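The primary structure of each chain is shown beneath.
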Amino acid sequence: MTDCIFCKMASGEITPDTIYEDDDVLAFRDLHPQAPTHVLVIPKRHVSTLNDLDADSAGLAGKLLLAAAKVADREGIAEQGYRTVINCNTAGGQTVFHLHLHLLGGRPMHWPPG
Ligand code: AMP
Ligand code: ZN
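On a predicted model such as this, the values are computed, not experimentally measured, just so you know. (Residues numbered from 1 in each chain as written. Chains lettered and ligands numbered in written order. Predicted model: local features only at pLDDT ≥ 70, side-chain atom pairs only at ≥ 80, totals over all residues. Heavy atoms only, no water.)

Another point: the sheet that holds strand E5 (residues 101–105). Whenever strands of a sheet pair, they do so through backbone hydrogen bonds, lying parallel or antiparallel. As summarised here, the arrangement of the five strands in space is E1-E2-E3-E5-E4, forming an open sheet in which the pairing is antiparallel. Edge strands, defined here as strands with exactly one partner in the open sheet, are strand E1 (18–21) and strand E4 (82–85). Going from strand to strand, the sheet's axes swing by 20 degrees on average, the running direction of each strand aside. The sheet contact formed by strand E2 (residues 25–29) and strand E3 (residues 37–43) spans five bridges and is antiparallel. In the sheet register, Arg29 faces E3, and the bridge partner there is Val39. On top of the sheet, helix H2 (residues 59–75) reaches E1, E2, E3, E4 and E5; it is set at about 150 degrees to E3, its chief contact. (Pairing = 2+ DSSP bridges. Helix = DSSP H or I, 4+ residues; strand = E, 2+ residues; numbered from the N terminus. Axes fitted to C-alpha atoms, helices over the stretch in contact; angles between N-to-C directions. Contact = heavy atoms within 4.5 Å.)

Along the chain, Val47 turns up in the loop between E3 and H2. Looking at Val47, the relative accessible area reads 4%, which means it is buried. Through-space distance from the C-alpha of Val47 to that of His100 is 9.0 Å; in sequence the pair is 53 residues apart. Every residue in contact with Val47, bar those within four places of it in the chain, is listed here: Asp52, Leu53, Leu60, Phe97, His98 and Leu99. (Buried < 20%, exposed > 50% of the residue type's maximum accessible area, 1.4 Å probe, protein only.)

It is worth spelling out unusual backbone geometry at this point. With an omega of 0 degrees, the peptide bond between Trp111 and Pro112 qualifies as cis. For Pro112, the position within the fold is in the segment after E5. Here the phi dihedral of Asn89 falls at roughly 60 degrees; this positive angle occurs in a residue that is not glycine. Summarising the element assignment, Asn89 is placed in the loop between E4 and E5.

Right, dumping it as structure tokens:
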């Protein structure tokens, strides 16, 4: 997707503040952090929303979660705990339409979210 900002990060056209990368996923710091640790984990290949995962791409969801747990460990928040969030479509709060998982931690998380 040529006009997708997260695809541009995955391809290297834009350089994010990368903290983890493997063949399938990229993790970088959110531009507007909502917590001391706020990292976005994305699949390198374009998937617009969680609704667009199918049987072929479902494995990506597990890879996003595994990467999030790895980043949480690296950030030193694995033991104290953290939150993972995937916003889907407008009512879910999604503003960038390339699937991404938010990893939030470093402060107590409140429930329910606003
Ligand atoms: P969402 O609202 O779930 O779609 O989350 C999109 C997230 O992307 C927001 O938390 C933004 O702060 C973040 N974001 C947007 N542009 C950038 C960027 N260039 N680099 C890092 N994070 C970004
Ligand atoms: Zn994309």
